[in-house]
Amino acid sequence: MHGRPRKAPKPEDEAASSAKAQKLRALQTQFFSFHHNKIYTKEAVELSAKLLEINPESYTAWNYRKLAVEHYLNLPDCNPDSIKSVLDDELRVVENALRQNFKSYGAWHHRKWVLSKGHSLIDNELRLLDKFQKADSRNFHAWNYRRFVAESMKRSEQDELKYTEDMIYANFSNYSAWHNRSVLLSALFDKKAEGFLLKEKVLPEEYEFIHQAIFTDPDDQSGWFYHLWLLDQTVTTDSPLLASSWPGHGSDVLLVGDRCYNGSAFSPFSALHSDSGSFPIVLYFNQPVRGVNSSTVTVECGFNKNEDLLWKPLSASNSQTARVWVAHLKVSSSDLHSTVEVSVGHTKGIISTRGFEYSHPSMLSFKVHVQPMERDSSQVSVAESISLREENFKVYGKQSEESIIDSFDQLIIKNGHETTASNWRFEALAKEIECFRELLSLVDCKIGKLTLARLLKAYDAMSYPFANKLVHSEEVLELYSDLMKLDRTHYQFYKDERSIVLLQKYKDSVSSAICGPICLRLNNLSLSRMGAFEKLLWVQMLDLSHNELQSIEGLEAMQLLSCLSLRNNKLRSLTALEPLRKLKLLRILDISYNQIGDHSIDTTRYVCSSPLSHSVGSELNRDETVTSDVALINNWEAFYIFKDFNLNQLDIVGNTIADEKFKSVLVKIMPKLKQLDGKLLD
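Values in this document were obtained by computation on a predicted structure and should not be read as measured data.

(A) The packing of aromatic side chains, seen in detail. This structure, assessed with the given rule, holds 20 aromatic pairs. Here tyrosine 145 and phenylalanine 148 contribute two aromatic rings whose centre-to-centre distance is 5.7 Å and whose plane-to-plane angle is 35°, an arrangement assigned as tilted. Linking tyrosine 145 with phenylalanine 148, this pair stays in helix H7 (residues 140-152), spanning 3 residues, or about one helical turn. Relative accessible area serves as the criterion here: at 0%, tyrosine 145 is assigned to the buried category. For the pair tryptophan 246 and phenylalanine 279, a centre-to-centre distance of 6.3 Å together with 85° between the ring planes defines the contact as edge-to-face. Residue tryptophan 246 is found in strand S1 (residues 242-246), and its partner phenylalanine 279 is found in strand S5 (residues 278-290); the two are separated by 33 residues along the sequence. An aromatic cluster is present here, built from Phe102, Trp108, Phe132, Tyr145 and Phe148 joined pairwise through their rings. Over the aromatic face of tyrosine 163 sits the side chain of arginine 146, whose NZ or CZ is 3.5 Å from the ring centroid.

(B) View of a nonpolar patch on the surface. Together, Tyr59, Tyr105 and Phe140 make up an exposed nonpolar region whose accessible area comes to about 330 Å². Turning to its location among the elements, tyrosine 59 is positioned in helix H3 (residues 59-73).

(C) The arrangement of the packing of helix H4 (residues 80-100) against helix H5 (residues 105-115) in detail. The geometry of H4 relative to H5 is characterised by a closest axis approach of 9 Å and an angle of 160° between their N-to-C directions. The orientation of H4 with respect to H5, classified from their angle, is roughly antiparallel. Crossing angle aside, the handedness with which H4 passes H5 is left-handed. Residues Leu87, Glu90, Leu91, Val94, Glu95, Ala97 and Leu98 of H4 lie in contact with H5, whose contacting residues are Ala107, Trp108, His110, Arg111 and Val114. Here the residues of the contact of H4 with H5 sort into 8 nonpolar, 1 polar and 3 charged.

(D) Focus on helix H6 (residues 123-135). Along H6, the residues classified as buried are Glu125, Leu126, Leu128, Leu129, Phe132 and Gln133. One side of H6 holds all its buried residues, which, seen down the axis, span an arc of 160°. Seen from the open side of H6, the exposed residues pointing more than 90 degrees away from its buried face are Arg127, Lys131, Lys134 and Ala135. Where the residues of H6 are buried, they touch H4, H5, H7 and helix H8 (157-170).

(E) Inspection of the layout of surface pockets at higher detail. In this structure, the second largest pocket occupies an estimated 570 Å³ of space. Lining the second largest pocket are 22 residues, and of these Lys192, Lys199, Asp238, Ser239 and Arg425 sit closest to its centre. When contributions to the lining of the second largest pocket are tallied by element, the ones reaching two or more residues are helix H9 (175-190), helix H10 (199-216), helix H14 (416-421) and helix H15 (423-442). Looking at the lining of the second largest pocket element by element, the count peaks at 3 residues for H9. Its residues assigned to classes, the lining of the second largest pocket shows 8 nonpolar, 6 polar and 8 charged. In this structure, the lining of the second largest pocket is formed jointly by two domains, domain 1 (246-259 + 269-373) and domain 2 (420-502), each of which donates at least three residues.

(F) Summary view of unusual backbone geometry. Cis geometry marks the peptide bond from tryptophan 246 to proline 247; its omega dihedral reads -5°. Secondary-structure assignment places proline 247 in the loop between S1 and strand S2 (252-256). At asparagine 568, a position not held by glycine, the phi torsion is positive, near 55°. Within the secondary structure, asparagine 568 sits in the loop between strand S16 (563-565) and strand S17 (588-590).

(G) Structural view of the pairing of S5. Most of S5 is tucked away: 10 of the 13 residues are buried. Strand direction decides the pairing type here: S1 and S5, joined by 4 bridges, are antiparallel. Bridging across to S5, serine 245 finds its partner in leucine 283. As judged from the 8 bridges shared by S5 and strand S8 (residues 322-330), these two strands associate in the antiparallel manner. Paired with valine 282 across the two strands is valine 326, which belongs to S8.

Here is what the cut-offs are and how they apply
- Residues numbered from 1 in each chain as written.
- Predicted model: local features only at pLDDT ≥ 70, side-chain atom pairs only at ≥ 80, totals over all residues.
- Heavy atoms only, no water.
- Phe/Tyr/Trp six-rings, centres within 6.5 Å; stacked < 30°, edge-to-face > 60°.
- Helix = DSSP H or I, 4+ residues; strand = E, 2+ residues; numbered from the N terminus.
- Buried < 20%, exposed > 50% of the residue type's maximum accessible area, 1.4 Å probe, protein only.
- Lys NZ or Arg CZ within 6 Å of the ring centre and 35° of its normal.
- Patch = residues over 30% accessible without salt bridge, like charges linked within 9 Å, V, L, I, M, F, W, Y side chains within 5 Å.
- Areas by Shrake-Rupley, 256 points an atom, 1.4 Å probe, with all protein chains shown as cover.
- Salt bridge = Lys/Arg side-chain N within 4 Å of Asp/Glu carboxyl O.
- Axes fitted to C-alpha atoms, helices over the stretch in contact; angles between N-to-C directions.
- Parallel < 35°, antiparallel > 145°, perpendicular 65-115°, else oblique.
- Left-handed = near helix turned anticlockwise from the far one by under 90°.
- Contact = heavy atoms within 4.5 Å.
- Nonpolar A, V, L, I, M, F, W, Y, C, P; charged D, E, K, R; others polar.
- Arc of directions from axis to C-beta.
- 1 Å grid on protein atoms, 1.4 Å probe; cavity = no way out; pocket = protein on both sides within 12 Å on 5 of 7 lines; lining within 4 Å.
- Points joined across faces, edges and corners; volume = space filled by probe spheres on them.
- Domains from an automatic or database assignment.
- Pairing = 2+ DSSP bridges.

Here it is, written out as structure tokens:
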């Protein structure tokens with residue numbers, strides 16, 4: 001264990017082990033007889049104590065002792081002295097068991113249970129903990145129990161914080177002490193205790209404290225984990241913020257027939273094809289929130305009543321908490337010109353998963369122009385005519401490209417209040433970047449490289465929140481490339497993080513279809529993970545072909561998508577496409593040449609292949625999967641994923657699953673499908 005080679009047991013050791021096992025079996029046999037017959041005599045209880053001294057992990061024996069204690073406490077002649085005597089006996093049994101194995105879950109839980117009865121003195125517990133923590137100062141069981149004792153004694157967090165400091169100075173490799181320090185500081189921040197009201201005064205001192213450990217031994221991981229926690233405290237705001245939206249504030253939306261154009265000059269940028277006479281309003285928060293509804297978000301316009309809007313969370317887990325929320329605004333052809341005002345958070349109710357209220361109300365305003373136009377029979381919709389082949393696109397020049405990006409900068413919500421409040425955050429991050437650059441100049445440290453990459457990304461995100469390219473992106477990419485070579489064990493993690501940084505370069509990949517709409521081309525970038533969705537809400541056509549994506553979680557935020565290419569990636573099963581079920585405007589999908597069919601289920605997200613065992617397919621009606629023509633129960637993944645799609649074109653060739661039988665199933669599931677693998681359907 002832990003890299004130590006096994007040694008062949010000596011004959012005398014084998015004999016002792018055999019004798020111990022024989023004694024344990026005899027004790028267990030007699031104990032189970034007492035337990036099953038509910039015998040709580042003194043002899044029976046003492047036998048359970050002997051069993052626990054040999055095997056402290058016997059949960060059944062601990063539960064038996066609880067039943068025995070309750071039995072004695074409920075006797076008619078029970079008095080305070082006898083209660084104390086019974087409970088003191090339990091504490092002694094626990095202490096003996098902990099001497100045998102002071103990492104026994106059952107023993108520590110039983111001790112908590114005894115003390116929770118309220119008849120035992122708790123003052124002795126800290127002295128007992130000192131003994132165990134001297135034997136192993138990093139024993140997380142003892143630290144967890146210490147938190148319980150400190151709370152029971154009403155010992156202040158400040159006193160406990162001083163204790164962690166003493167323990168860290170004794171051994172800075174004490175991960176449990178660092179962790180307990182983070183727990184205590186979090187509690188002090190939450191209750192706004194005296195001296196801990198402002199993070200900008202506390203966190204810089206904590207950074208100095210952790211530097212002592214990191215610079216002493218850069219290879220020790222304990223301090224690095226605490227530094228990561230400090231970084232999170234530095235960059236994460238308590239109150240959730242609205243990061244971006246579509247349509248953007250101040251933009252113009254032109255509706256022409258069944259098309260929607262967004263841009264100040266009614267350009268074809270972000271052309272939106274909608275058969276329903278509505279378009280989405282998308283709100284993207286910087287952290288998951290709940291409580292987005294017609295009470296907390298009001299929409300005022302001439303052609304729709306606020307109470308008619310239904311806000312839905314876009315979450316892979318189908319929970320009522322999400323970063324992204326969407327509502328569809330129906331448009332009336334009778335209102336040719338209207339102003340839409342969206343008020344977010346002016347009434348309370350939007351709350352983050354950490355329990356913080358949305359406290360910075362936002363107001364969005366955009367104009368909608370309706371120009372009724374009958375569609376000529378010779379016209380073909382965008383979704384029916386555009387292919388993502390190179391010859392169908394032209395690449396924008398620099399000047400045109402910048403005008404496109406500037407147009408969509410309106411999506412980002414500029415929270416002016418945060419800039420002023422975050423000066424100390426900039427200074428803290430700048431000092432840490434300088435510090436770790438110095439460290440890496442002295443020693444080649446993998447964790448140091450990873451930390452520097454995180455610091456640079458955090459600094460750029462905070463300093464240039466409206467930029468589409470990180471200032472330090474090249475340095476960050478180089479750091480992740482080095483890590484991919486140095487630490488092959490975590491290669492995929494570094495590659496995923498590197499992919500997120502690569503996405504910040506999307507300006508270089510904007511192109512336009514010859515017939516109008518904008519396509520974002522992110523092909524051939526070796527992407528293994530998607531991100532930066534808050535800046536991509538405007539995209540209608542997306543080319544992610546020839547990458548290394550195994551998951552597309554987060555893509556559900558891009559509500560305008562009508563055309564998507566995932567050709568030549570590493571998608572492992574149909575359930576990996578689940579985020580696409582929330583894209584109601586999607587008409588063209590290319591998932592050809594992936595690995596669909598090689599695996600029965602997307603094992604990166606689920607542990608079993610039954611639709612009844614997890615969220616995927618949980619709402620699926622078994623009767624619904626059978627038609628008069630074909631039994632779809634054997635293709636439940638395909639039915640579940642595609643049944644709500646409104647695709648005109650699908651490419652699935654090159655996947656193991658894509659035989660003729662499966663294609664016939666797809667045609668049954670999607671009767672509106674017009675083209676499959678490049679062939680027109682009858």
